[in-house]
Amino acid sequence: MRKLALALVCLFALTAQTGPSRDPVLVPEVSQKEVQVRQGFTGTELLLFGAVVDPAESNEPFDVIVVLKGPAQPIRLREKRQIGGIWMNAESTAFRSAPSYFAVASSRPIDRIVDERTAAIFEFGTNFIQLSPSGSIDLDEQARFRAGLVDLRERQGLYRTIEDGVSVREGVLYQARIGLPSSVQTGTYTAETFAVRDGRVLASAVAEVEVRKVGFERFVEVFADRQPLLYGMVAIVLSLLMGWFAGRLFNRG
C-alpha cells in the first residue's frame, strides 16, 4: 500500500508541475472495491488511504476528513408513548432520504479543523447529516426525530464519528480504518475524502465500494424482490411446517 501511494504521488506531482493548475490534488484509494456478504458475515474493516499532492509546495500542514456513506433510503419514525400504562405509537415523521450507513473519520477533532458552517455544508459529523423531511415541516419536531434517528443508529453501530481516525504521514500520505458492522445494507457506498487547510476545503475526491450478498443469501434476496407474493407464501408454509415438527418432537418427548 505504501509503495502504491508513493507511486501515485510521483505521478501526480509530475502532472501538476507541467499543468497550469496550482490546486492540491487528492488521490484516494480503498482496500476493498467489493465487500461480499455471506452466511456468518460478522462485519469487515475498510482501509481508506491515498495522498494529497500540493503543486504549490507550500509545506503547510493539512487535515484530512473521510466521509463514508451507505445507500440512502426512505424511512418513517414513530414515537412511543405510555398511555394508560400501555406503550402506543404517537407522533411520526418521514424522511425521503436517510443514509443507511454514515461514518466520519478525521485527523483531528472536527471543531478544530473547520467551523460549524463548513461542517454543515460537507456533512462533517453525525450532527450534520442532511436528511430530506417529507410532508409538513415543524422544525422542533423534525429536530427531535432527527436526533432520535441518529441516536438509534449510533447504538446500532451504523452512524459513527471517529475523531483522530485519520493518520497523515510525511505531510502527504494518509490512511483511515472504518469498520462496517454485520447489519450493513447492500448497495454502493461512497467514500469522499477532503483535504482541509486553515479551515478551507482545498480538494475532494470520491472512491466507491460495492457491498453485495453472494451465495444463498443472494438467492433469497433476489427471490424476495422479484417474487414477493410467492416468497411470502413459502415463508408461511415453512413456518407452519417447522411449528408442526417442533410440536411433534416435544409431544414425543
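Refer to the structure printed above.
So, here is what we can say about the structure in this document. The residue numbers shown here count from 1 along each chain, following its written sequence. Per-residue local features of the predicted model are confined to residues with pLDDT of at least 70, and side-chain atom pairs are confined, for both listing and counting, to 80 or more; whole-chain, interface and lining totals are unaffected and use all residues. Derived side-chain values reflect all non-hydrogen atoms in the structure, with water molecules and hydrogen atoms excluded from consideration.

**Here we look at the environment of Gln185**
Stage number 1. Each helix is a run of DSSP H or I of at least 4 residues and each strand a run of E of at least 2, with the numbering of both proceeding from the N terminus. Note on placement: Gln185 falls in the loop between strand E11 (173-180) and strand E12 (187-197).
Stage number 2. Exposure remark for Gln185: the relative accessible area of 39% places this residue in the partly exposed category.
Stage number 3. Taking the C-alpha atoms as reference points, Gln185 and Val37, 148 residues apart in sequence, are found 9.7 Å from one another.
Stage number 4. Throughout, a contact is declared for two residues whenever any of their heavy atoms are within 4.5 Å. Contact partners of Gln185, with chain neighbours within four places excluded, come to Gln73, Ser100 and Val211. Remark: exposure states derive from per-residue accessible area (1.4 Å probe, protein chains only) relative to the maximum for the residue type, with buried under 20%, exposed over 50%, and partly exposed in between.

**Brief notes about empty space enclosed by the protein**
Stage number 1. Every definition here rests on a 1 Å grid over the protein atoms only: cavities are sets of points where a 1.4 Å probe fits but cannot get out, pockets are open sets enclosed by protein on both sides within 12 Å along at least five of seven lines, and lining residues have some atom within 4 Å of a point. Grid points are joined across faces, edges and corners, and a volume is the space filled by probe spheres set on the points. Applying the stated rule across the entire model yields one cavity of 30 Å³ or more.
Stage number 2. What the largest cavity holds in volume is close to 30 Å³.
Stage number 3. Going through the elements one at a time, strand E1 (25-30), strand E3 (44-53) and E12 are the ones with two or more residues in the lining of the largest cavity.
Stage number 4. Note on residue categories: nonpolar means Ala, Val, Leu, Ile, Met, Phe, Trp, Tyr, Cys or Pro, charged means Asp, Glu, Lys or Arg, and polar means any other residue, Gly included. Class assignment for the residues of the lining of the largest cavity results in six nonpolar, one polar and one charged.

**A short note on the pattern of salt bridges**
Stage number 1. By salt bridge we mean one thing: a side-chain nitrogen of Lys or Arg within 4 Å of a carboxyl oxygen of Asp or Glu. Tallied over the full model, the rule gives six salt bridges.
Stage number 2. Of the charged contacts in the structure, one is a salt bridge between Arg212 and Glu34, with a shortest N-O distance of 2.8 Å. Of this pair, Arg212 sits in strand E13 (residues 200-213) while Glu34 sits in strand E2 (residues 34-37), placing them 178 residues apart in sequence.
Stage number 3. Ionic pairing is found between Arg177 and Glu45, a salt bridge with its closest N-O pair at 3.5 Å. With Arg177 in strand E11 and Glu45 in strand E3, the pair connects residues that are 132 residues apart, well separated along the chain.

**Examining the sheet that holds E2**
Each strand in a sheet pairs with another by means of backbone hydrogen bonds, the pair being arranged parallel or else antiparallel.
Stage number 1. Here we have six strands laid out as an open sheet, ordered E2-E13-E12-E4-E7-E9, and mixed in their pairing. Both edges of this open sheet fall to E2 and strand E9 (159-162), since each of them pairs with a single strand only. When the angles between neighbouring strand axes are averaged without regard to direction, this sheet yields 15 degrees. Pairing between strands is defined by DSSP: at least two bridges between them are needed. Comment: axis = line fitted to C-alpha atoms, over the contacting stretch for helices; angle = value between 0 and 180 degrees taken between N-to-C directions.

**Regarding the packing of aromatic side chains**
Stage number 1. Working definition: a ring pair exists when centres of Phe, Tyr or Trp rings (six-membered ring for Trp) sit within 6.5 Å. Plane angles under 30 degrees give stacked, over 60 give edge-to-face, the rest tilted. This structure, assessed with the given rule, holds five aromatic pairs.
Stage number 2. An angle of 70 degrees between the planes, with centres 6.2 Å apart, marks the rings of Phe102 and Tyr159 as edge-to-face. Here Phe102 is found in strand E7 (residues 102-106), whereas its partner Tyr159 is found in strand E9, with 57 residues between them in sequence.
Stage number 3. The buried category is assigned to Tyr159, whose relative accessible area is 2%.
Stage number 4. With 5.4 Å between their ring centres and 65 degrees between their planes, Phe122 and Phe194 make a pair best called edge-to-face. Linking Phe122 in helix H2 (residues 116-122) with Phe194 in strand E12, this pair joins segments that are 72 residues apart in sequence.
Stage number 5. Residue classification places Phe122 among the partly exposed positions, given a relative accessible area of 29%.
Stage number 6. Members of the aromatic cluster, connected to one another through ring pairs, are Phe122, Phe124 and Phe194.

**Focus: the layout of surface pockets**
Empty space among the atoms becomes visible once a probe the size of a water molecule is rolled across them.
Stage number 1. Computed from the structure, the second largest pocket encloses a volume of approximately 190 Å³.
Stage number 2. If you trace the second largest pocket, you find 13 residues lining it, with Ile110, Asp111, Phe124, Asn127 and Phe128 closest to the centre.

**Notes on the sheet that holds strand E10 (residues 166-169)**
Stage number 1. Read from one edge of the open sheet, four strands run E1-E3-E11-E10, paired in antiparallel fashion. This sheet does not close on itself; its edge strands, each paired only once, are E1 and E10. Within the sheet, the average angular offset between the axes of one strand and its neighbour, ignoring direction, is 20 degrees.
Stage number 2. Both E10 and E11 contribute to a ladder of four bridges, which runs antiparallel. Each residue of the ladder has a partner; that of Ser167, found in E11, is Gln175.

**Remarks on the side chain of Ser100**
Stage number 1. If you trace the backbone, Ser100 turns up in the loop between strand E6 (86-99) and E7.
Stage number 2. Polar contacts, as used here, are pairs of N or O atoms within 3.5 Å; protein pairs need one atom able to donate a hydrogen and one able to accept it. Residues neighboring in sequence count only if both atoms are side-chain atoms. At 2.9 Å, the side chain of Ser100 forms a polar contact with the backbone oxygen of Pro71.
Stage number 3. Once residues within four sequence positions are removed from consideration, Ser100 is found in contact with Gly70, Pro71, Gln73, Arg153, Leu158, Tyr159, Gln185 and Tyr189.

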